[in-house]
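One letter stands for each residue in the lines below.
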Amino acid sequence: MSATGMATAAGTAVLVYLVLSGRLCGDAADGGGEDLLISSAVSAAAEARRRRKEEAHARRQRRRREARRWPERAPDGWGEAAAVAARTVRFTWAETLGKWALGELAFGIKYHMRQQGNLQHEYAGSDSVLLDGPEARQELISLLRYLKQCMYFSKKPYSVFLEFGGYDQKDVLIKKSKARLLKPAFTVVRDRSSKCFILFIRGAISVKERLTAATGAEVPFHHVVLQEGRVSNLVLGYAHCGMVAGARWIAKRAIPCLSKAVEQFPDYEVKIIGHSMGAGIATILTYILRENDKLSSSTCIAFGPAACMTWDLAESGKDFVTSIVNRNDVVPSLGLVSAAKLRTEVMASSWAHDLRKQIQQTRFLGFVNRSVSFIRSHVPFISDPRSKVVDVDMLQSQSSEAGSKPLADTHAAVKKRPALVCWSCVAAQKQSVKYCKQTQDMENQTDSNVETVKVTNESAAELVAIDLRELSLQESDEDDADREGKDSALKETDEEEAIELIESLTDEKQELSLSTSAQEPHQLYPPGRILHMVGLQESEEATTSEQGAQKEVVALYETPRHLYSKIRLARSMIGEHYMPKYIKTMEELIEKLAEEDIENQLDSL
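Rules used throughout
- Residues numbered from 1 in each chain as written.
- Predicted model: local features only at pLDDT ≥ 70, side-chain atom pairs only at ≥ 80, totals over all residues.
- Heavy atoms only, no water.
- Phe/Tyr/Trp six-rings, centres within 6.5 Å; stacked < 30°, edge-to-face > 60°.
- Helix = DSSP H or I, 4+ residues; strand = E, 2+ residues; numbered from the N terminus.
- Buried < 20%, exposed > 50% of the residue type's maximum accessible area, 1.4 Å probe, protein only.
- Lys NZ or Arg CZ within 6 Å of the ring centre and 35° of its normal.
- Contact = heavy atoms within 4.5 Å.
- Patch = residues over 30% accessible without salt bridge, like charges linked within 9 Å, V, L, I, M, F, W, Y side chains within 5 Å.
- Areas by Shrake-Rupley, 256 points an atom, 1.4 Å probe, with all protein chains shown as cover.
- Salt bridge = Lys/Arg side-chain N within 4 Å of Asp/Glu carboxyl O.
- Lys, Arg positive; Asp, Glu negative; His and termini not counted.
- Charge placed at Lys NZ, Arg CZ, Asp CG, Glu CD.
- Pairing = 2+ DSSP bridges.
- Right-handed = clockwise from strand over helix to strand, strands pointing away.
- Core = buried A, V, L, I, M, F, W, Y, C linked by side-chain atoms within 4.5 Å.
- 1 Å grid on protein atoms, 1.4 Å probe; cavity = no way out; pocket = protein on both sides within 12 Å on 5 of 7 lines; lining within 4 Å.
- Points joined across faces, edges and corners; volume = space filled by probe spheres on them.
- Nonpolar A, V, L, I, M, F, W, Y, C, P; charged D, E, K, R; others polar.

The name recorded for the chain in an unreviewed UniProt entry is Fungal lipase-type domain-containing protein, from Urochloa decumbens.

### Regarding the packing of aromatic side chains
If you walk through the whole model with that rule in mind, you get 15 aromatic pairs. Ring centres of Phe153 and Phe200 lie 6.4 Å apart, and the angle between their planes is 35°; this geometry places the pair in the tilted category. On the criterion of sequence distance, the pair formed by Phe153 in helix α5 (residues 134-155) and Phe200 in strand β4 (residues 196-201) is long-range, its members being 47 residues apart. Phe200 carries the same exposure label as Phe153, and that label is buried. With a centroid separation of 5.5 Å and 50° between ring planes, the pair formed by Tyr158 and Phe161 is classed as tilted. Of the two residues, Tyr158 and Phe161 are both situated in helix α6 (residues 158-165); the distance of three residues between them amounts to about one turn of the helix. The pair formed by Tyr158 and Phe161 is uniform in burial state, with each residue classed as buried. Put simply, the rings of Phe153, Tyr158, Phe161, Tyr167 and Phe200 pair up and form one aromatic cluster. Taking NZ or CZ as reference, Arg568 lies 5.0 Å from the ring centre of Tyr123, over its face.

### Brief notes about the side chain of Thr212
Note on placement: Thr212 falls in helix α7 (residues 207-214). Aside from chain neighbours lying at most four places away, what touches Thr212 is Arg180, Leu181, Leu182, Lys183, His240, Gly242 and Met277.

### Digging into a negative patch on the surface
Together, Glu591, Glu595, Glu599 and Asp603 make up a region of like negative charge exposed at the surface. Note that Glu599 resides in helix α20 (residues 579-604). For Glu599, a relative accessible area of 48% gives the class partly exposed.

### What to know about the pairing of strand β10 (residues 299-303)
With four of five residues buried, β10 lies mostly within the body of the structure. Of the strand pairs in this sheet, strand β9 (residues 269-275) and β10 are connected by five bridges, and their pairing is parallel. Bridge pairing in β10 places Ile272 opposite Cys300. As paired elements, β10 and strand β11 (residues 321-326) share four bridges and run parallel to each other. Bridge assignment links Phe303 to a residue of β11, and that residue is Ile324. Read from β10 through helix α10 (residues 311-316) to β11, the crossover connection turns out right-handed.

### What to know about the nonpolar core
Leu199, Ile201, Ile250, Leu258, Ile284 and Leu285 are the most contacted members of the largest nonpolar core, which has 67 residues in total. The element best represented in this core is helix α8 (residues 241-264), accounting for 12 residues. In this view, Leu258 contacts Val188, Phe197, Leu199, Val270, Leu289 and Leu295; residues no more than four positions away in its chain are not counted. Core analysis: the next-biggest nonpolar cluster, separate from the first, contains 43 residues, Phe153, Ile273, Leu536 and Met586 among them.

### Structural notes on the layout of surface pockets
Within this model, the largest pocket holds a volume of roughly 1500 Å³. Forming the boundary of the largest pocket are 41 residues, of which Thr96, Ala213, Val330, Val331 and Leu334 lie nearest the centre. Listed by contribution, the elements that provide at least two residues to the lining of the largest pocket are α3 (78-95), α4 (102-116), α5, α7 and α11 (336-348). Of the residues assigned to the lining of the largest pocket, the class counts are 28 nonpolar, 10 polar and three charged.

### Thoughts on the pattern of salt bridges
Two side chains carrying opposite charge are able to pair once their charged atoms lie near each other. Taken as a whole and assessed by the stated rule, the structure comprises 18 salt bridges. The partner of Arg50 in a salt bridge is Glu54, with the nearest N and O atoms 2.5 Å apart. In this pair, Arg50 and Glu54 both sit in helix α2 (residues 33-68), four residues apart, roughly one turn of the helix. Judged by its relative accessible area of 44%, Glu54 falls in the partly exposed class. Glu587 serves as the salt-bridge partner of Lys148, at 3.7 Å between the closest nitrogen and oxygen. One end of the pair, Lys148, is in helix α5; the other, Glu587, is in helix α20, with 439 residues separating them in the sequence. Among the ionic contacts, a cluster of salt bridges with common partners joins Glu47, Arg50, Arg51 and Glu54.

Laid out in structure tokens, this is it:
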């Protein structure tokens, strides 16, 4: 049956082949026109399929590029907002705690700040221009009025802001008091006393506004310079992503309203005012508004502006942007590049050695160390009961007697499972550990290195901090003989374990992490003309002990932009960023300039 079935199948296959081949041959005999049509249709279908694949691949590549690129506009819905917020949180973590070790934040910055000292005098250097006289005083009075109005808009209810500024409901053109992600709060009012339409932008107060400020990636931003209605120049550069998106969102809502208002009141000017993040958005918004024919005369006043744009863009705004900085305010110089420079300086300083000295002098840490030593020596479940952790006092006494200890005692300090290292050894410098390794490698080369090896073993014993004389061990003579026989074989292994232990407990192995983006970050600067209220000591010849009681004198300088490419640390660098501190410093400066004007008038008489 199987043979019959196979024969039937083979015959069927042959018959089908003959029929098909005959049909094809017959068609070919009739003519080759149909073959050409079929082949052209197949090739056209293949070409269309190839084009569809290429277009789909291009769309996927474009979507990937858009996903990697930071948004230059505010999100439309909650889905986009959540995606931007999540990406901002990841970006902020990567640029802050992801790069800065906890030891650098807690001790390194403090040590570097103490070593750096007060650098306010750098803003009063030869490149800066001292501003004084009646003109500077009048300008400060006007700036102080705008700053108080900006503070009332940011901190007080809207009705209180209107009452303080002398506005009524008819003077309110736009009111957006509730902020969203990349959508800052702002308002537009008509100031009849100064004949201005003033646009106030609030700084980072709520969580969503802080996320807008934290979206600190750089996006391309270009400014078209108009003169007499014609394009005279194009300035290319980069700007802060969150501030660019916020400025474009405000511009979309404010430009129609302001254009209509300027048509009704052609003698009114347009001013944009903000503080901190609001100041950075205000400056970028001013660049956008000036590209409009009707709003090309807009000006900006920025109090404590964030570093938000590259050099060329910032320089191009000198004619219409005025930035005011208070003393040690860190925000105008805070950016990705300046923060990376600061971390390099902190890591290059000897803060670890200073931390070690501080820990050695701390009684609390000594008490904790002795408590751990007691627990480990009496509870066998924690570790070997024969091992004991030495406290700070024992470490100091051991280091003083290190020269009189024999080599065998110092060598036996390291165990297979070493005890907990004293806290004072956590911040030991990596250079000393490398030096220990190098001296151990040179042990067998010359006889003159014996003393160096002893010093190396003593250093390892200090780092591990175990004193054999504190151990109450009863060992047999056989164990002693066996130990002496294995002394030379275990020497290198023990010291390597000590070195590995110290390296695992220190944070000095961390390196500067590279940026995840393909391009290097750009240095950002505060825009426009910069006026810095500098606090200087009244007497520079006083001794260091008298400097704490010296009176600080405030002066107004027009400073160059390159001074803000570096972060200058100070204890008050965050507190002096807030608006009440700005107001206090400006009032002191106005009072000082008034006294100088009176003195000059009396001298002239």
